[in-house]
Amino acid sequence: MHRFQLFLQVTRARTLPVMIAPVLIGSVLAWQQGSPFQWGLFALTFVGALAAHLGANVINDVFDFSEGADQAAQQIMPEGQTVATGSQFLLNGKLSMRTYRGLAIACFAVALICGIVLSLFRPWAIVFGVLGFLLAFFYVAPPLRLAYVGRGLGELDILISFGILPVIGSFYTQANTVTLTALLASLPIGLYTMVVLYFHHFLHWRADKTVGKVTPVVALGEHGARVVGALLLLLIAIILVVDVFLRVLPWYSIVAALTIIPVQFALRDATGDLKQYLKLMATNFNGDMQAALLILIALLVRGFVHV
């Protein structure tokens, strides 16, 4: 395998859109609110956020492998069914733990450099970066191990990491301020990405239970977790409507709320079979990206109309 392809697989680069979306939305929101668009600052924010995200993916796999969560997932799957985990190259012995750790350090180093340079122009940028790193690291690392303690703490971590921090942080680097508007705009984005992780727990909740990882599905059971999932999707739509009502987002961005409908149908059909849960995850990820794209287009339209 080509080294670049290997890098993309090990870092799970396919998940980058969930970080790209909030950074773009926060930056465009600041421009739409009247701040001149700073391309240099945007580039540093963009590269730093993506590098931190890749580093978080790798460090997550390191600790999940160390705790035996990924190994348990492979053993508990029904015959003929498998779930591809991020640490697949550790499981098959093609890469060492040292390589994974080195890659995580390299990614976080790039993010740190971007944060330091940004702080020369936006002093609080490094604070956003440090908070993001701590949330990413202690999501699985001791002593906090938020994902393993579970009971919603891991999901709260994702809401902040993939919604509040990147939207407000990218808004700040453009506008040199933080506003309530930016916070309100970050909530539906972060919640949608949080639900992506939430539904991912259905794939291997039995394995999580064996290693003491108390995800919402472990805590609530499959049925209870599906009910909560449906309520979370409804909450996303409600917050989008509230954002429109408060003029945080343009009125026509309300169509983004409709993206939860296919996800609700997929959730209704997901009753325990692995293929159904995989379909649910794909449908939810697509809904997340569609909603983000609709919000971004709406902000661009409103920005250009008012220029």
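Residues numbered from 1 in each chain as written. Predicted model: local features only at pLDDT ≥ 70, side-chain atom pairs only at ≥ 80, totals over all residues. Heavy atoms only, no water.

So, about the pattern of salt bridges. Summed over the entire model, instances satisfying the criterion amount to two salt bridges. Across the pair Arg12 and Asp61 runs a salt bridge whose closest N-O atoms are separated by 3.0 Å. In this pair, Arg12 sits in the loop between α1 (3-10) and α2 (17-32) while Asp61 sits in helix α3 (residues 39-67), placing the two residues 49 residues apart along the sequence. This pair shows no difference in class: Arg12 is buried, exactly as Asp61 is. (Salt bridge = Lys/Arg side-chain N within 4 Å of Asp/Glu carboxyl O. Helix = DSSP H or I, 4+ residues; strand = E, 2+ residues; numbered from the N terminus. Buried < 20%, exposed > 50% of the residue type's maximum accessible area, 1.4 Å probe, protein only.)

A few words now on the packing of helix α9 (residues 153-175) against helix α10 (residues 180-200). Following both chains from N to C, one finds α9 and α10 inclined at 145°, their axes separated by 7 Å at the closest point. In the crossing of α9 with α10, the sense of the turn from one axis to the other is right-handed. Facing α9, whose interface residues are Gly154, Glu155, Ile158, Leu159, Phe162, Gly163, Ile164, Val167, Ile168 and Phe171, α10 presents Ala182, Leu183, Ser186, Leu187, Ile189, Gly190, Leu191, Thr193, Met194, Leu197 and Tyr198. Class assignment for the residues of the contact of α9 with α10 results in 15 nonpolar, five polar and one charged. (Axes fitted to C-alpha atoms, helices over the stretch in contact; angles between N-to-C directions. Left-handed = near helix turned anticlockwise from the far one by under 90°. Contact = heavy atoms within 4.5 Å. Nonpolar A, V, L, I, M, F, W, Y, C, P; charged D, E, K, R; others polar.)

What follows covers helix α13 (residues 260-269). Along an α-helix, residues three or four positions apart point the same way, because every turn accommodates 3.6 residues. Every buried residue of α13 is accounted for by Ile260, Val263, Ala266 and Leu267. All buried residues of α13 fall inside an arc of 120° around its axis, so they share one side. Next to the buried residues of α13 lie α10, α12 (216-245) and α14 (274-306). (Arc of directions from axis to C-beta.)

Attention now moves to the nonpolar core. Judged by nonpolar contacts, the single largest core of 85 residues is most densely connected at Tyr100, Phe199, Leu233, Ile236, Leu280 and Ile295. When residues of this core are assigned to their parent elements, the largest contribution, eleven residues, is made by α10. Residues in contact with Ile236, not counting those within four places in the same chain, are Pro188, Leu191, Tyr192, Val195 and Ile260. (Core = buried A, V, L, I, M, F, W, Y, C linked by side-chain atoms within 4.5 Å.)

This part is about unusual backbone geometry. In this model, Arg12 sits at a positive phi of 55°, which is unusual for a non-glycine residue. In the Ramachandran plot, Arg247 falls in the positive-phi region, its phi being about 65° despite a non-glycine side chain. Looking at where Arg247 falls in the secondary structure, it is placed in the loop between α12 and α13.

What follows covers the state of the cysteines. Tallied over the entire structure, the rule returns zero disulfides. No disulfide involves Cys107; its sulfur sits 11 Å from the nearest other cysteine sulfur, which is in Cys114. Accessibility expressed as a relative area gives 8% for Cys114, which makes it buried. (Disulfide = S-S within 2.5 Å.)

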